[in-house]
Amino acid sequence: MAAAVYPRLVRALPMSRSSITSLAISVFPGPPQRQLHHALIPHGKGGRSSVSGVVATVFGATGYLGRYVVNHLGRMGSQVIIPYRCDTYDTMHLRPMGDLGQIIFLEWNGRNKDSIQRAVEHSNVVINLVGRDWETKNFDFEDVFVKIPQTIAQVSKDAGVERFIHISHLNADIKSSSRYLRNKAVGEKEVRDAFPEAIIIKPSDIFGREDRFLNYFANMRWFGGVPLISLGKKTVKQPVYVVDVAKGIVNAIKEPDARGKTFAFVGPNRYLLFDLVQYVFGVAHRPFLPYPLPHFAYQLVARLFETSPFEPWTTRDKVERVHVTDMTLPHLPGLEDLGIQATPLETKAIEVLRRHRTYRWLSSEIEDVKPAKTVNI
């Protein structure tokens, strides 16, 4: 009797993926679980117009790293939910990154659990890219790097999210002189406590188009020289390319053994800060005039920039971060473990720094610039 009823029931219903899923759940009841959405069922040949089976909520997608992550998710056919707090015009560049209807925008409030719940309730992947280079009267580093990530992780865990990816920093350390890095370290612990299977990614300073790393140093020329503490000869940096970081995040979603692990994303080469900045000015074809600036004097100058009502060029905390030597964490898996070959800075620096050249040197080849000296790891 039942066998005769079910076929008639199937023929009576419209044969969409959602109706088939609903029918399967109603006919074959099982233990309580999240309703299976058709966007979670992979199909197609792969690519933008296929369905990858990934429905990802990307917090902080409107930021620098976020646009690369959304682009990689969209091009493989993922549905991406983008919570935003900014003006809708500031999200326009993200709209073409996925197929029609695959990029979904949703207003949210980091202090409102209900808005976070609404953003993650249909997702099987949640990525936290929320970050800020400077503190404001509304959001300090503790809010941005500790409280909000902890809330997102807890809500995601309660909602049954399968994969949670949290972006920290390579130099996150509770004993750091930088308040930014101290709160990054606390945020890692809070996320791990709330979501033990979370994937934590610790990238070094990220470079790429529109970055706040190479462009930051190139803009120092407006000060009549390049102020560096100890001339930058006591600081070692190992920057990583933004596209490599975005690919690593997407590959971590696919990697079955990545759950609960912490990854360190770094570039292939380490440089003295002095040599790195010298190379930046060489590529930009600008005169490199470094001069040592005492720590207290640099902090005083940064304090003046903090009084700006707009985005400050530098802050006291950024001065600390810039002059912190990048850690070496050989015990942690990295880009290679996710199938990615790290891109050398020398091959991509021209993309970032050509805009800093004068017209005379605009078309000059990068081969004319001597590569920066590297430091052994």
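Everything discussed here concerns the structure shown above.
Residues numbered from 1 in each chain as written. Predicted model: local features only at pLDDT ≥ 70, side-chain atom pairs only at ≥ 80, totals over all residues. Heavy atoms only, no water.

Positive phi values are uncommon outside glycine, yet E210 reaches one of about 65°. Here E210 shows up in the loop between β7 (206-207) and α7 (214-218). Unlike most non-glycine residues, L231 shows phi in positive territory, near 60°. Its location among the elements puts L231 in the loop between β8 (226-228) and β9 (236-237). (Helix = DSSP H or I, 4+ residues; strand = E, 2+ residues; numbered from the N terminus.)

Ranked by internal contacts, the top residues of the largest apolar core, which has 77 residues, are L65, L73, I127, I165, F217 and I249. Sequence-distant contacts of I165, defined by excluding residues within four places in its chain, comprise V126, I127, N128, I199, I201, I249, A252 and I253. Core analysis: the next-biggest nonpolar cluster, separate from the first, contains 25 residues, A119, F141, A159 and L181 among them. (Core = buried A, V, L, I, M, F, W, Y, C linked by side-chain atoms within 4.5 Å. Buried < 20%, exposed > 50% of the residue type's maximum accessible area, 1.4 Å probe, protein only. Contact = heavy atoms within 4.5 Å.)

Now for the sheet that holds strand β11 (residues 262-265). Reading across from one edge, β3-β2-β1-β4-β5-β6-β11 is the order of the seven strands in this open sheet, with parallel pairing throughout. Of all the strands in the sheet, the pair left with one neighbour each is β3 (103-107) and β11. On average, adjacent strands in this sheet sit at an angle of 20° to one another, irrespective of strand direction. Strand direction decides the pairing type here: strand β4 (residues 125-128) and strand β5 (residues 163-167), joined by four bridges, are parallel. Directly across from V125, in β5, lies its bridge partner R163. Helix-sheet contacts for helix α6 (residues 179-194) involve β5, β6 (199-203) and β11, and the interaxial angle to β5 is about 170°. (Pairing = 2+ DSSP bridges. Axes fitted to C-alpha atoms, helices over the stretch in contact; angles between N-to-C directions.)

This brings us to a nonpolar patch on the surface. A contiguous nonpolar surface patch, about 350 Å² in accessible area, is contributed by W222, F223 and Y291. Checked against the element boundaries, Y291 lands in strand β13 (residues 290-292). Owing to a relative accessible area of 30%, Y291 belongs among the partly exposed residues under this scheme. (Patch = residues over 30% accessible without salt bridge, like charges linked within 9 Å, V, L, I, M, F, W, Y side chains within 5 Å. Areas by Shrake-Rupley, 256 points an atom, 1.4 Å probe, with all protein chains shown as cover. Salt bridge = Lys/Arg side-chain N within 4 Å of Asp/Glu carboxyl O.)

What follows covers the pattern of salt bridges. This structure, assessed with the given rule, holds 18 salt bridges. Of the charged contacts, one joins K157 and E197 as a salt bridge, the two residues approaching to 2.8 Å between their closest N and O atoms. Note that K157 is positioned in helix α5 (residues 141-158) and E197 in the loop between α6 and β6, a separation of 40 residues in sequence. Looking at K157, the relative accessible area reads 33%, which means it is partly exposed. The exposure class of E197 is partly exposed, given its relative accessible area of 27%. Linking R321 and D317 is a salt bridge whose minimum nitrogen-to-oxygen distance equals 2.8 Å. Of this pair, R321 and D317 both sit in helix α11 (residues 316-322), four residues apart, roughly one helical turn. On the accessibility criterion, R321 (11% relative accessible area) is buried. Residues joined by salt bridges that share partners form a network here, namely D133, D317, K318 and R321.

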